Amino acid sequence: AAKDAGRDQFQLHSLALDEAMRTEAGTRALLEQALQENRLVLYYQPVVSSAGAVIGVEALIRLQHPERGLIPPAAFFSALDHVRLARPIGRFVLNVALHQAALWQEAGHPLRVSVNISTRHLLDARFLEDLQEMLAKYPGLRPELVEIEITESAPLRDMLEAQRLLVACHRLGVRVALDDFGTGNASLTYLQRLPADSIKIDQSFVRDVIDDPKDLAIVTAVITASRMLGMNVIAEGVETADHVDLLVKTGCNHLQGYFFSKPIPAEDVPAWVAHFRPAPRTKDSLHPLNI
Ligand code: C2E
Ligand code: MG
Ligand code: MG
Ligand code: MG
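All values derive from a computational prediction rather than experimental measurement.

Turning our eyes to something else, we now look at the environment of Arg-68. Its place among the elements puts Arg-68 in the loop between strand E2 (54-65) and strand E3 (69-71). Judged by its relative accessible area of 36%, Arg-68 falls in the partly exposed class. Taking C-alpha positions, Arg-68 is 39 Å from Tyr-190, a pair spaced 122 residues apart along the chain.

Below you can see the structure in the form of structure tokens.
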């Protein structure tokens, strides 16, 4: 009977979770509570270069649920950009990710760590202070090991403000990547006017790039333009060896996706890096932009 009672309780909690996630307010409460109870964790997904080097890792948030285990951000995506949560979450993620980057650097394996920042936090007047404060908290950490990812799909309020922010990040020594590139409505303007270090091509373009000539055309155009503008291009959602071959041949210089690794806990990262062996690549499998 005790076992049955346990199961009932489990179902109750699970139902409560499903219920909560059905509404925006419920999702928000779920995230807010997890932040308060210290049940948010970062996983890290490796980014590698076409030449076979490990470039760094992207920090990706997960919610630790007592019964359901790790819940990915898709379940609470809207809450990440909520007016009351965007900044607290951003500060939490910056703090944890920079601390981790400082630990890896101290341990003798420096890794660049990329942090996703919501548009609302980015446009908050206190964003630069927050970034500065976190950098000051880990004075041993080289700022060029920190990259912020800003999503291009949310329209930035105004281009001048965005430019000013990116320049200020560069002054702090921090790098900037434009995330989810191609899904927004001002892509080419962003490319032309924002001084970003990297462009991340959204996985929706990468998924069918082998079979869909339209996706290949767009990916080729973005890669060529970005590389000619001196930026790194990171393809997201790289799942197969064929993806790797085609993207590298097209001039993409950085790659991220399940083909290399899923997001993994911080403690597994050093071993992953130590064991990573890139596939051998001949010179003619590389695009001239990458030689
Ligand atoms: P994103 O920044 O574009 O991150 C890439 C997403 O693609 C991650 O999902 C990653 O796990 C997933 N992914 C990586 N490789 C593959 C692959 O080969 N195939 C497929 N199908 N997916 C792959 P995740 O971790 O669920 O994060 C989803 C989104 O949530 C992120 O998209 C980002 O926009 C947001 N996010 C994650 N962490 C944070 C955070 O700390 N703060 C904020 N504001 N947003 C975050
Ligand atoms: Mg990202
Ligand atoms: Mg992305
Ligand atoms: Mg994405």
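There is more to say, and it comes next.
What follows concerns the layout of surface pockets. By volume, the largest pocket is sized at about 1100 Å³. Taken together, 39 residues form the lining of the largest pocket, with Leu-60, Pro-73, Phe-77, Asn-116 and Asp-179 sitting closest to its centre. Counting only elements with at least two residues in the lining of the largest pocket, the list comes to strand E1 (40-49), E2, helix H3 (86-106), strand E4 (112-117), helix H4 (119-122), strand E5 (146-151) and strand E6 (175-181). Among the elements that line the lining of the largest pocket, the one with the most residues is E2, at 5 residues.

This next bit is on the site of ligand 1. Near ligand 1 lie 22 residues; those nearest to it are Arg-62, Asn-116, Asp-179, Glu-239 and Tyr-258. Here an oxygen atom of ligand 1 and a side-chain polar atom of Glu-236 are 3.1 Å apart. A distance of 2.5 Å separates a nitrogen atom of ligand 1 from a polar side-chain atom of Glu-239. Considering ligand 1 on its own, with 800 Å² of exposed area, one finds that the protein chains cover 84% of that surface. Looking at the shell around ligand 1, the element that brings in the most residues is E2, giving 4 residues. Across the shell around ligand 1, the residue classes tally to 9 nonpolar, 6 polar and 7 charged.

A word on the pattern of salt bridges. If you walk through the whole model with that rule in mind, you get 12 salt bridges. Measuring nitrogen to oxygen at the nearest pair gives 3.2 Å for the salt bridge that ties Glu-32 to Arg-84. Placement of the pair is Glu-32 in helix H2 (residues 24-36) and Arg-84 in the loop between E3 and H3, with a sequence separation of 52 residues. With a relative accessible area of 48%, Arg-84 lands in the partly exposed category. Across the salt bridge formed by Glu-161 and Arg-164, the nearest N and O atoms sit 3.3 Å from each other. Remark: Arg-164 and Glu-161 occur in helix H6 (residues 159-171); sequence separation between them is 3 residues, near one turn of the helix.

Turning to the coordination of the magnesium ion (ligand 2), a few remarks are in order. The protein atoms that coordinate the magnesium ion (ligand 2) are Glu-58 (OE), Asn-116 (OD1), Glu-149 (OE) and Asp-179 (OD), at distances spanning 2.0 to 2.2 Å. All donors to the magnesium ion (ligand 2) come from one chain, and their sequence spacing reads E-x57-N-x32-E-x29-D. A separation of 3.7 Å is found between the magnesium ion (ligand 2) and the magnesium ion (ligand 3), which are bridged by Asp-179. Of this pair, Glu-58 sits in strand E2 while Asn-116 sits in strand E4, and the two are 58 residues apart along the sequence. On the basis of relative accessibility, which here comes to 4%, the residue Glu-58 falls in the buried class.

Using a probe with the size of a water molecule, rolled over the atoms, empty space left in the structure can be pinpointed. In this structure the tally under the stated criterion is 1 cavity of 30 Å³ or more. Its boundaries defined by the atoms lining it, the largest cavity holds a volume of some 90 Å³. Considering the residues around the largest cavity, the lining is formed by 14 residues, among which Ile-55, Arg-112, Ser-114, Glu-147 and Ile-234 are closest to the centre. At the level of elements, E2, E4, E5, strand E7 (198-201) and strand E8 (232-235) are the ones that each hand at least two residues to the lining of the largest cavity. Considering every element that reaches the lining of the largest cavity, the biggest residue donor is E2, with 3 residues.

In this section: the environment of Glu-144. As for its position among the elements, Glu-144 is in the loop between helix H5 (127-137) and E5. In this structure, the C-alpha to C-alpha distance between Glu-144 and Val-222, residues 78 residues apart in sequence, is 25 Å. Residues in contact with Glu-144, not counting those within four places in the same chain, are Arg-112, Gly-173 and Arg-175. At a separation of 2.9 Å, a polar atom in the side chain of Glu-144 contacts the side chain of Arg-142.

Attention now moves to unusual backbone geometry. Phi is positive for Asn-38, which is not a glycine, with a value near 60 degrees. Of note, Asn-38 is situated in the loop between H2 and E1. Look at Asn-38 and you get exposed, because its relative accessible area is 58%. Positive phi, normally seen in glycine, also occurs at Asp-180, with a value near 55 degrees. Take Asp-180: it is sitting in strand E6.

A few words on the packing of helix H9 (residues 213-228) against helix H10 (residues 241-250). H10 packs onto H9 with a crossing angle of 45 degrees between their chain directions and a minimal axis gap of 9 Å. Considered as vectors, H9 and H10 are oriented oblique to each other. Mapping the contact onto sequence places Leu-216, Val-219, Thr-220 and Ile-223 in H9 and Leu-246, Leu-247 and Thr-250 in H10. Broken down by class, the residue content of the contact of H9 with H10 amounts to 5 nonpolar, 2 polar and no charged.

Rules of the game
Residues numbered from 1 in each chain as written. Chains lettered and ligands numbered in written order. Predicted model: local features only at pLDDT ≥ 70, side-chain atom pairs only at ≥ 80, totals over all residues. Heavy atoms only, no water. Helix = DSSP H or I, 4+ residues; strand = E, 2+ residues; numbered from the N terminus. Buried < 20%, exposed > 50% of the residue type's maximum accessible area, 1.4 Å probe, protein only. 1 Å grid on protein atoms, 1.4 Å probe; cavity = no way out; pocket = protein on both sides within 12 Å on 5 of 7 lines; lining within 4 Å. Points joined across faces, edges and corners; volume = space filled by probe spheres on them. Near = heavy atom within 4 Å. Polar contact = N/O pair within 3.5 Å; in protein donor to acceptor, adjacent residues only side chain to side chain. Areas by Shrake-Rupley, 256 points an atom, 1.4 Å probe, with all protein chains shown as cover. Nonpolar A, V, L, I, M, F, W, Y, C, P; charged D, E, K, R; others polar. Salt bridge = Lys/Arg side-chain N within 4 Å of Asp/Glu carboxyl O. Donors = N, O, S within 2.8 Å, 3.2 Å for Na, K, Ca; no water. Contact = heavy atoms within 4.5 Å. Axes fitted to C-alpha atoms, helices over the stretch in contact; angles between N-to-C directions. Parallel < 35°, antiparallel > 145°, perpendicular 65-115°, else oblique.

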